[in-house]
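Structural overview for review
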Amino acid sequence: MILKYFFALSIASFFFVGCKTNSKFITTAQLVENRVLDTLSVTASKLSTFKRPNYNPAATRTNDLLHTKLDISFDWENQYLNGEATLDLKPLFYPTNQVRLDAKGFDIHKIAMIGDNGEIPLKFTYENNKDLYINLDRTYTNSEEYRLFISYTAKPNELPIGGSNAITSDKGLYFINPLGKEVGKPKQIWTQGETESSSCWFPTIDRPNERCTQEMLITVNEKYKTLSNGELKKTVINNNGTRTDHWIMDLPHAPYLFAMIVGEFAVVSEKWNGKLLEYYVEKKYENDAREIYKNTPEMLTFFSEKLGIDYPWNKYSQVVVRDFVSGAMENTTAVIFGDFVQMTSRELIDHGDLNESIVAHEMMHHWFGDLVTCESWANLPLNESFANYSEYLWFEQKYGRDAADYIRKNQIEGYFNQAVIGGDKHPLIYFGYNDKEDMFDAHSYNKGGTILHMLRYVVGDEAFFASLNKYLKDNEFNTTEFHHLRLAFESVTGQDLNWFFNQWFLTAGHPNLEVSKSYNATDKILNVTVKQTQDLEESTVFILPFAIDVYTSETRMATRTNVIMTEQEQTFSIKVENTPIWVAVDAERVLLSKFQYKQSKEELVHQYNLSKRFQDRYDAIKNLRYLQNDNPTVTKVFKDALEDPFWVIREKAIDGILLEQNNKVLIEKIISIAQTDPRSHVRSAAIEKIGRLNNPNYLNVAKNAIDNDQSFKVITAALDAINSNDEASGIENAEKLMGLDNPILLNGIAVIFEKTGNKKYTDFYEQNWSKTDNYSRFTFFNSYATLLLNSNDKDLIKEKIAYLKSISTDRNVSQWGRYASSNALKKIRTYFFRLVEKEYNTIKKKIDETKDPNTNDVLEKLKKLQNNKSKAHFESTIDAVKTLKTDSINQIIKQIEGFYEENIYDLTTNAIKDIKNWEKNKMLLKLYGSW
């Protein structure tokens, strides 16, 4: 074995300080000569070209926050929080007479020290509207606790608007429909603390390496329910129509995990191992609550047993809120989900896997992230990679290896989208980030989860979970960096695992593998050559343990050889008595790598028939798709795949199988699948396949689906199949289904309506866009723009440009809603830009054809008119055209008049400009930047 050694750069920070101490306390400052900085002259050598790389360390801790008590109420009209915070602290090690707190956008009314003799007012400075420096009444040592009282008002809407792709806003506290003006949307208040936004609603030390216990007194109108971390200990009914709920969290956790939710909710409860489980939903979803948070009790049992540590907190509550700025958030014992998970049981037929994945993800955080927390954002994968991998673990346990490997496939593709297509590669543990929000990416989540899967393969199942148990027990209620994880694994396994952690945690990139093979029948030797082709300037040569399975007959019996690749190119020679018919390289499909392995048609057939692994079967179907013509062996693979035990393979086979009008037997098979397959995705794919035959004789299956299938995905596919064969019937069925509020179906109806260009359907779009969710809303608004363009009604288009702009500049509309509507405007602008450009080129061509000496002057004026359709430029262009010597003058003038009057492009351009000037959300402004 050849090992590579990786060296981490250690960075020291020097601080020049002056301090006073008593005779009993000696610091290093007393043992060295103190020199005033301005007496020194420090210069860098002109010969130095070294540039120190960016490094984001863990936050320095001076004071230890022990307990936070908040007493809060709300000003809904102004969207303010009125708060009183009581903080218990002590110096971490060094004596101090000052504390710095994070407090963003506050009005500070009072700060005092609370002691045995009452309150002592304290002096403070408040810098940059976020850094609160408080001078204590004296110097405290680390054996002394002190208590601060702060009265304040938080004004989150007056903060600069920030955010990232993962967490789209960072103001911490959110009032939803505060004045009740939005019909159909509940009034709510909720918080989002990660990364460092809790300090937008209470003063704290807002860093991941801080943790404390908490209590929260929340005063609200009696009609509202509240939710926070920990246990609801007491409720007091006040005499002014309000109620105060007293929540207590008696185990320490990080400030970014503090949560507060207020709203009108239905709450469904049950018990698990004596602990309260709560499912908060809007009233109309009360009967669906257990399905929305599917298998919560079973998951808690599974993760507790798998990790060897019972769920460590006193309750587990989950709540759906409107307009959430992330997918979901693992606030300790009070998980918040975006409203995209809030669906009826019928809708969950098509989306249940997504909900279940997110429930598992946030639950696992209660061990990895909440119980043990990354000490810095550079170490975020210690939180997110485990939460990501929990989805694999749960689906493996509940639904089998294929279902888990399908999750892994999607996670790897997500990572490759960023690292390969996007060209963004960085180490998993990344101290060099530009912004801490950048850590919330496909490395910390997707790549990290797949790395843990490889680590499990390297050490074995028993050692893997024993190591996780040790890591959690050794570090519970504390913070860690990735070395803690390595040391836990090394302690359990007895192995030096630096090679694994260095290459996967500290090195950017991944291996790109090229595989080739040859068999010597005389020597009975199979040579398998694997070459790593990744760019070694940005990555490394990886050490890769994997298995090679050799099949010599059409049984599923293989000879396995476990190998370790240590070189950039390596050949593994294996004694094989009979000629191999298929060789599986990385037989367990565990490596995170790009994989290039050229195989014959026959080998791909064997790959599907012989492999037990989902990824192999999926890849075989994918690569055989275009090899079916006149090849019964390949066709049989697809027919067999129609009955594959895993639904994704069945769906892939339906999509890829060659289906011709004269193949009655296969058509009947697909129709049978459309009617009987237990998975809605497969039934939907089957109906789509039948629809593409363009044969109305086979549409009864689609008509029956519209009437009888419970899946909206299937009904939408059926609607499209009918419309593809009979537009009138498709429109008729679409109009009948307009009353159903499902986003999938609404988009399916929109696709049918957009083709008509009929003005009467504008009401459908305007009444239903708010019923679509964040992502389907883009498709819906895009369809609306297509309808308008297909109408060829310029007055209608002008009217709706104003309508779309009004949505794009409405603070009550979520950022995704604003972006989707503005994106529709962009589509309209692009269409008319091309129209204007085409008309300009037509006029230019006619002017060129005159071959008049004044042509250049006319064209120059025409170009100015194109860039600025002012009346002066128009008149100047017309005057210039009149000087041309041609019989086409009147025709050219008429075209220029039409060109001048065509102002829809200008209208949309100005609308988009107004939107960009109005918008404050940094993420949206970044997206608008390329417009």
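Predicted model only: the values in this text are computed from it and were never measured. (Residues numbered from 1 in each chain as written. Predicted model: local features only at pLDDT ≥ 70, side-chain atom pairs only at ≥ 80, totals over all residues. Heavy atoms only, no water.)

So, the overall build of the chain
What counts here: Note on conventions: DSSP H or I runs of at least 4 residues are helices, E runs of at least 2 residues are strands, and numbering of each starts at the N terminus. Per-residue accessibility takes into account occlusion by the displayed protein chains alone, with areas from the Shrake-Rupley method and a 1.4 Å probe. Positive charges come from Lys and Arg, negative ones from Asp and Glu, while His and the chain ends are left out of the count. In plain terms, the charge of a residue is placed at NZ if it is Lys, CZ if Arg, CG if Asp and CD if Glu.
If you tally the helices and strands in the chain, you get 28 helices and 29 strands. Taken as a whole, the chain presents about 42,400 Å² of accessible surface, with 47% of it coming from carbon and sulfur. Taking the average location of the 111 positive side-chain charges in the chain and that of its 125 negative ones, the two points are 3 Å from each other.

Some details on the sheet that holds strand 12 (residues 225–228)
Heads up, the rule is: A pair of strands counts as paired when DSSP detects no fewer than two bridges linking them. What counts as an axis is a line fitted to C-alpha atoms, over the stretch in contact for a helix, and the angles between N-to-C directions run from 0 to 180 degrees.
The strand order across the open sheet formed by four strands is 9-10-15-12, and the pairing between neighbours is antiparallel. The open sheet has two free edges, formed respectively by strand 9 (173–176) and strand 12, since each of these has just one partner strand. Taking each pair of neighbouring strands and ignoring which way they run, the sheet shows an average axis angle of 15°. Across four bridges, the pairing between strand 12 and strand 15 (residues 260–263) is antiparallel. Bridge pairing links Lys-225 to Gly-263 in strand 15.

A short note on a nonpolar patch on the surface
Cut-off, in case you're wondering: The patch calculation keeps residues exceeding 30% relative accessible area without a salt bridge and links them within 9 Å when they carry like charges or within 5 Å when they are nonpolar (Val, Leu, Ile, Met, Phe, Trp, Tyr). For this document, the term salt bridge refers to a Lys or Arg side-chain nitrogen within 4 Å of an Asp or Glu carboxyl oxygen.
On the surface, Leu-92, Phe-93 and Tyr-94 cluster together into a nonpolar patch covering about 340 Å² of accessible area. The topology assignment puts Tyr-94 in the loop between strand 2 (80–91) and strand 3 (96–102).

Focus: the pattern of salt bridges
What counts, and what does not: Relative accessible area decides the class of each residue, using a 1.4 Å probe on protein chains only: under 20% of the type maximum gives buried, over 50% gives exposed, and in between gives partly exposed.
For the structure on display, the rule yields 54 salt bridges. Where Glu-286 meets Lys-283, a salt bridge forms, and the shortest distance between an N and an O atom there is 2.7 Å. Judged by relative accessible area, Lys-283 falls into the exposed class, the value being 60%. Arg-811 serves as the salt-bridge partner of Glu-919, at 3.8 Å between the closest nitrogen and oxygen. With Glu-919 in the loop between helix 27 (904–918) and helix 28 (922–928) and Arg-811 in the loop between helix 22 (794–808) and helix 23 (815–850), this residue pair connects regions lying 108 residues apart in the sequence.

Some words on the packing of helix 13 (residues 647–656) against helix 15 (residues 680–691)
This is how the line gets drawn: Each angle is binned into one of four classes, with values under 35 degrees roughly parallel, values over 145 roughly antiparallel, values of 65 to 115 roughly perpendicular, and all other values oblique. Any two residues whose heavy atoms approach within 4.5 Å are treated as being in contact. In this classification, Asp, Glu, Lys and Arg are treated as charged, Ala, Val, Leu, Ile, Met, Phe, Trp, Tyr, Cys and Pro as nonpolar, and every other residue, Gly included, as polar.
In contact at an axis separation of 9 Å, helix 13 and helix 15 are set at 5° when each is read in the N-to-C sense. For the element pair helix 13 / helix 15, the angle class is roughly parallel. In this structure, helix 13 uses Trp-647, Arg-650, Glu-651, Ile-654, Asp-655 and Gly-656 to contact helix 15, whose residues at the interface are His-681, Val-682, Ala-685, Ala-686 and Lys-689. When grouped by side-chain class, the residues that make up the contact of helix 13 with helix 15 number five nonpolar, two polar and four charged.

Quick word on the packing of aromatic side chains
Using the following cut-off: Two rings from Phe, Tyr or Trp (for Trp, the six-membered ring) form a pair when their centres sit within 6.5 Å of each other. Planes less than 30 degrees apart are called stacked, planes more than 60 degrees apart edge-to-face, and all others tilted. Two thresholds decide whether a charge sits over a ring: the Lys NZ or Arg CZ must be within 6 Å of the ring centre and within 35 degrees of the ring normal.
Applying the stated criterion to the full structure yields 61 aromatic pairs. Between Phe-386 and Tyr-471 the ring centres are 6.4 Å apart and the planes differ by 15°, which places this aromatic pair in the stacked class. Residue Phe-386 is found in helix 4 (residues 381–399), and its partner Tyr-471 is found in helix 7 (residues 461–475); the two are separated by 85 residues along the sequence. No difference in accessibility class separates Phe-386 from Tyr-471, as the two residues are buried. Ring plane angle 75° and centroid distance 5.3 Å describe the contact between Phe-764 and Tyr-765, whose orientation is recorded as edge-to-face. Note on Phe-764: relative accessible area 5%, which makes it buried. Connected via pairs of aromatic rings, a cluster forms that spans Trp-272, Phe-302, Phe-303, Tyr-311, Tyr-316, Trp-367 and Trp-394. A cation sits over an aromatic face here: Arg-346 above Phe-712, 4.2 Å from the ring centre.

Quick notes on the nonpolar core
Test applied: Side-chain atoms within 4.5 Å link the members of a nonpolar core, which is a set of buried Ala, Val, Leu, Ile, Met, Phe, Trp, Tyr and Cys residues.
Core analysis: the largest hydrophobic core is formed by 248 residues, its most contacted members being Phe-74, Tyr-152, Trp-201, Met-260, Trp-367, Phe-505 and Phe-546. A per-element tally of this core places helix 17 (residues 712–725) first, with eight residues. Leu-865, Val-881, Leu-884 and Ile-896 belong to the second largest nonpolar core, which has 18 residues in total.

Quick notes on the side chain of Gln-628
Rules: Under the rule applied, a polar contact is a pair of N or O atoms within 3.5 Å (in protein, one hydrogen donor and one hydrogen acceptor; residues adjacent in sequence only if both atoms are side-chain atoms).
Note that Gln-628 resides in the loop between helix 11 (614–624) and helix 12 (632–641). Among the polar contacts listed, one links the side chain of Gln-628 to the backbone oxygen of Gly-656, at a separation of 2.7 Å.

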